[in-house]
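# Architecture at a glance
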Amino acid sequence: MAMNVPLSWLRAYVDVDMPVEQLAHRLTMAGIEVGGVERIGGWNDCYVGHVLDVGPHPNADRLRLCTVDIGGERLQVVCGAPNVAEQQKIAFARVGATLFNTHSGKVEPLKAAKIRGVTSEGMICSVLELGIGEEHDGILVLPDDAPTGTPLADYLGDTVLELEVTANRPDCFSVLGVAREVAAFSGTQVAEPDAGYPEEGEPVESLATVEIEDPALCARYTAALLTGVSIGPSPEWLQERLTRAGQRPINNIVDVTNYVMLETGQPLHAFDFDKVAGRRIIVRQARPGEKHVTLDGVERELAPPMVVIADPEKAVGLGGVMGGANTEVTEETHTILLESASFHPFNTRRTADDLKLRTEASLRFEKGWRQGLPPVGLRRAVKLMLEVAGGIAARGIIDVYPDRPEPRVITLTAARMEKVLGVTVPMADAARTLTSLGIACRMMGDDALEVEAPPWRADITIEDDLVEEVVRVIGYDDVPTAPLAAPIPLSTPDTAQAVKEEVRDLLASIGMQEVITYSMVSEHALELAYRGAEPPAPPMRAFNPISSEHECLRTSLRPGLLRTLAANQRHEGVPQWYFEVGKEFIFTGDGLPDERQKAAGVLSGPGAQASWAAAEATAGFYDAKGVVEALCDRVGVTPSFEPLDDPFYHPGRAATISAGGQRIGELGEVHPEALDAFDVRGEGAVYFEVDLAALTEAVPQSARRFRSISVYPEALRDLALVVGMDVPADRVREIIEQHPLVARAALFDVYAGEQVGADVRSLAYRVSFQAPDRTLTAEEVQRAMDRLLSRLERELGAAQRQG
Amino acid sequence: MTTAPEILGTLHNIRTVAVAELDGVEDDAALEAWRIAYLGRREGRLTLIMRRMAELEAEERRSVGVQANDVKALLESQLAEKTEALKSAKLAQAAQEGRLDVTLPGRRPALGRLHPITQTMREITRAFISMGFQVVEGPEVELDHYNFGMLNIPRGHPARDMFDTLWLDHTNAEGEREMLLRTHTSPMQARIMEATQPPVRVVVPGRVYRFEATDATHEWHFTQVEGLAVDRGITFANLKGTLYEFARLVFGSERRVRFRCDFFPFVEPGVDVAIDCFSCDGAGAPDCRICRGSGWIEIMGAGMVHPRVLEMSGIDHTEYTGFAFGMGVERIAMLKYGIDDIRYFYGNDARFLRQF
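Residues numbered from 1 in each chain as written. Chains lettered and ligands numbered in written order. Predicted model: local features only at pLDDT ≥ 70, side-chain atom pairs only at ≥ 80, totals over all residues. Heavy atoms only, no water.

### A few points about the pairing of strand β6 (residues 89–94) of chain A
Residue and element names in this part refer to chain A.
- When you tally the buried positions in β6, you get 5 out of 6 residues, the bulk of the element.
- With 2 bridges connecting them, β6 and strand β12 (residues 141–142) associate as antiparallel partners. Looking across to β12, one finds that Ile-90 is bridged to Val-141. (Buried < 20%, exposed > 50% of the residue type's maximum accessible area, 1.4 Å probe, protein only. Helix = DSSP H or I, 4+ residues; strand = E, 2+ residues; numbered from the N terminus. Pairing = 2+ DSSP bridges.)

Below, the structure written as structure tokens:
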């Protein structure tokens, strides 16, 4: 929430002895961020003018011909305003002045004009034309003492600070609060506004009574009574200050309540007391379904625990938020009951939220429970009302405060300051700063201060709050800078994190682009990705989702990756390899979900960027499997693969991935219907996912062990086998590699077709024979080959391929 | 009868003719023919003449032999030279023919890239790891208790306004909504302090969520890195020192750092950390799009851990102090790479991702 503070108003309480840029900087550094500085005025060619003569226009009944003195120069001007009169001081704009043109609706230079045949040498301005208000019914009439000929910018100009106030500082939603900050910069103190007034009426207790039913919701209610007030417009100075602070003037009584709220931070409300039944105010919870028309004319349905201000018959206001229409101050009002109370912050906020009625008052109440403040604002407002609306104030004030707490006394020690800040601050300096801020304190010896938090600072509750008060005014820049000197805590290696980062690096290094997709997806997208398979758990929905596209927490990374693929295919063509490392959220019990960290990828088209020099091949099952094998190899895990039936995948082209007997993931060619559902084009896509926790589990505990490299040569032999279609290739390799003289076997060709016959395929291996202690003879190798063949024939029905 | 002058004449003749002929040899075949013609073991002219030397007197044979050997050595060395010359001429020729268009694109191995957020997050954590911080991670679905309560933001606290929350559609046995998507990585402060006694020195990277409308500078889904150091004797001066070092490592030593007062309910005093704008060099140019004329770019919130937060987590606040900080990774990536719209990060447009 922003607060506009006109410099002219601020100066009423404190000397501002620095340029506005420096002031803005100091405030910002101290925690009151100045978001903008608006300069009112800056009018060129505008002066305080003195109307010497007003005469009729020769050619127009409604227009007048005026002679205006702007300091030694007399100019003739045509004016159509009904309120122009001789001897007035007015704002005069010469030709060339830049003003708001009410006809064009633009800010533009004033042109010389002949109006109905008479030359006008300028214009007498309204506030609308000057850009300082919305009135355009008449001209702006300046006070009689305005010095003729003074540039208007000097006389009327001002600077408004636009403050961004943090939630802990409702006191800075007041000009006085900001003034205290400014005072602290120079070590001075603010001039408190005058709140003394003659109490000439009856004792207030004889005129009105107040009762709080629920002190937990309204801690304090103060009230004053004025009789014989005259309602009318506020004086110019009051209207001007309100306008500059961004408030619209209404009438003198309401204006004072707003003025004092802006001045002190205490919201106030004035009731037309003659409309309050029984001369009695009851602060109570709203009844269920109770109806009440607020000042904005809207009928609102209330409910407990909203607080209403009521008389014995009806609600007359909504506590802490807005007054009621039935007791509104009007031109006929004679008696005012002025309320200055303290409402529960959260209840006020909830009321304002529920009714969608956030007001200046509710915003101030909800940010702090400042029970000391009501009488301060009340007395100041009565003083001003007597000034601007006349009348007589009743003797005394009503102050209902059932549970008055002890004053908050806090001790600030030099030791704590040093412990927190790392620098010694003399307590005398601390005391001066706190006093400037209006925080009363006294020295307790040399090294401690006893501090009483002021009524307007509910945020000060502990010693460290005072440490901050002192250091923020001194400036954080003045605290020295020191590296961390404490010993570094012992660290424990985190394999899971290492595995995650290794996997990321590996996948990127083999040509996959990392993406990060939203953790929330639509339920529909998940259904499309499961295709009827049982999900690990129903997805958890958001109570207040961002949109239907992001309504529930993902239980699978599939939708995000397929969407990314499809979206990029639209502008980049088919070949795309993407991966994501992210969480799936599985809600099984009643508590927090199992957050499964996964690495998943989707491959479509050839992996390398399409090249002029390479033939393109579409990524298939074995590409994804190769990726998974490389990924596992990177972290020292040996995966195994078993066929998987899952409707997300193409039948017969999917596998589970296991390691150490545990399932760690799955992969497969995505079912064409699933691709279609996600608008993926091209000849297909392969998907894989690996559960990183399970993968980490499978990482060998011990470091890799070195095996000595044989100095004896390898003997290479090709072994081409014909085996049945249903014989897994992995089994063939296993048998070959089990032979003690076989160092390894690499599959280099797979063939199925008429050359080998139906229902069989040919698998060709390059087998490397080696012994650790000798060079193998040709006869030894041949014997090993014969043994291998006979075992393969016996166990798998394999035959050596002929020709 | 062969005479010495005769042989010497022939030798002279062979030498002259052979050298002249060799000059005209232009390929390997001609060279081989030349070699056989003069040096061939059976019919080579030099071989034949040397054979005839046997008919000479011993005296003459010695002196003629010396000359014959000279001729032979000459021819052999000329042969070797010619062989070399032909070989290099052939290689030079081959090289001439093998010219390439070096501007054709290379055949590069496929290379993917890490998401710019991953890269930035690594850079940030690396800076803190170099200062002895450890990386830990925490849950993205959190309890109100950790996300707010343990951070000194009880229900009804006005500071809850600072964190527009995405709640999950779930209520506990008391009928309260208590599960949410963490609005910051700060709940890990409480979780870590509950589980460990000081000294603590950790950074927590992770995704966070806000119930917020998206625009060029706001995402509902973004990334933070949280930091926490708790021990005896940790001060505000240490906070400044640590974050200066971070800014130097990540943004370079030429950047200035500004610490100003700000409010976060879980720290006291609270700090807003900014670096001077590298777009307008801290000048605060009124039309600067990066700093909007202030000359400063806010990069993180920080502060001394609030005594109540220490206390709630079971750490004696009279003995221990600490500091905490939190920063938005997207914001830092945007500053580092000059990205002007946060929505690029999770749009996952390959044309964007491949730039990093």
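### Section: the domain arrangement of chain B
- Its domain assignment divides chain B into domain 1 (4–97) and domain 2 (116–353).
- Taking only C-alpha atoms, the centre of domain 1 of chain B and the centre of domain 2 of chain B are 89 Å apart. (Domains from an automatic or database assignment.)

### Some details on the pattern of salt bridges
Residue and element names in this part refer to chain A.
- By the definition in use, this model includes 77 salt bridges over all chains.
- Its salt-bridge partner being Asp-194, residue Lys-383 comes within 3.4 Å of it at the nearest N-O pair. Of this pair, Lys-383 sits in helix α10 (residues 374–389) while Asp-194 sits in the loop between α5 (175–186) and β14 (209–212), and the two are 189 residues apart along the sequence.
- Linked by salt bridges that have partners in common, Arg-169, Asp-171, Glu-181, Arg-457, Asp-459, Glu-469 and Arg-472 make up one network. (Salt bridge = Lys/Arg side-chain N within 4 Å of Asp/Glu carboxyl O.)

### What about the interface of chain B and chain A?
- Contact with chain B, which involves 87 residues of that partner, is made by 94 residues of chain A.
- Remark: the boundary between chain B and chain A carries 6 salt bridges.
- Remark: the boundary between chain B and chain A carries 47 residue pairs in polar contact (both at pLDDT 80 or more).
- Looking at which element gives the most residues to the side of chain B that touches chain A, the answer is helix α8 (residues 236–251) of chain B, with 7 residues.
- Here the side of chain B that touches chain A is composed, by residue class, of 40 nonpolar, 20 polar and 27 charged. (Contact = heavy atoms within 4.5 Å. Polar contact = N/O pair within 3.5 Å; in protein donor to acceptor, adjacent residues only side chain to side chain. Nonpolar A, V, L, I, M, F, W, Y, C, P; charged D, E, K, R; others polar.)

### Digging into the nonpolar core
- Grouped together as the largest cluster of nonpolar side chains are 170 residues, with contacts concentrated most on A:Leu10, A:Leu163, B:Phe128, B:Phe246 and B:Phe325.
- With sequence-adjacent residues up to four places away left out, A:Leu10 is seen in contact with A:Val5, A:Val16, A:Leu23, A:Val175, A:Val178, A:Ala179 and A:Val182.
- Of all hydrophobic cores here, the second largest spans 34 residues; its members include A:Leu603, A:Ala624, A:Val628 and A:Ile657. (Core = buried A, V, L, I, M, F, W, Y, C linked by side-chain atoms within 4.5 Å.)

### Considering the domain arrangement of chain A
- Taken domain by domain, chain A comprises domain 1 (2–41 + 159–186), domain 2 (46–156), domain 3 (204–400), domain 4 (409–472), domain 5 (495–698) and domain 6 (715–800).
- The C-alpha centroid of domain 5 of chain A is placed 55 Å from the C-alpha centroid of domain 1 of chain A.

### What about the packing of helix α6 (residues 236–244) of chain A against helix α7 (residues 252–264) of chain A?
All names here are of chain A.
- Interaxial distance between α6 and α7 falls to 10 Å at its minimum, and their mutual angle equals 55 degrees. Classified by the angle between their axes, α6 and α7 sit oblique to one another. For the pair α6 and α7, the crossing hand works out as left-handed. Residues Trp-237, Leu-238, Arg-241 and Leu-242 of α6 form the contact with α7, whose own contacting residues are Asp-255, Val-256, Asn-258, Tyr-259 and Leu-262.
- Classifying every residue of the contact of α6 with α7 by side-chain character gives 6 nonpolar, 1 polar and 2 charged. (Axes fitted to C-alpha atoms, helices over the stretch in contact; angles between N-to-C directions. Parallel < 35°, antiparallel > 145°, perpendicular 65-115°, else oblique. Left-handed = near helix turned anticlockwise from the far one by under 90°.)

### Describing the side chain of A:Thr333
Residues and elements named next belong to chain A.
- On the secondary structure map, Thr-333 appears in the loop between β22 (322–323) and β23 (336–343).
- We classify Thr-333 as buried; its relative accessible area is 1%.
- At 2.8 Å, the side chain of Thr-333 forms a polar contact with the side chain of Asp-272.
- Of the polar contacts made by the side chain of Thr-333, one reaches the backbone nitrogen of Thr-330; its length is 2.7 Å.
- Sequence-distant contacts of Thr-333, that is, excluding residues within four places in its chain, are made with Val-229, Ile-231, Asp-272 and Glu-328.

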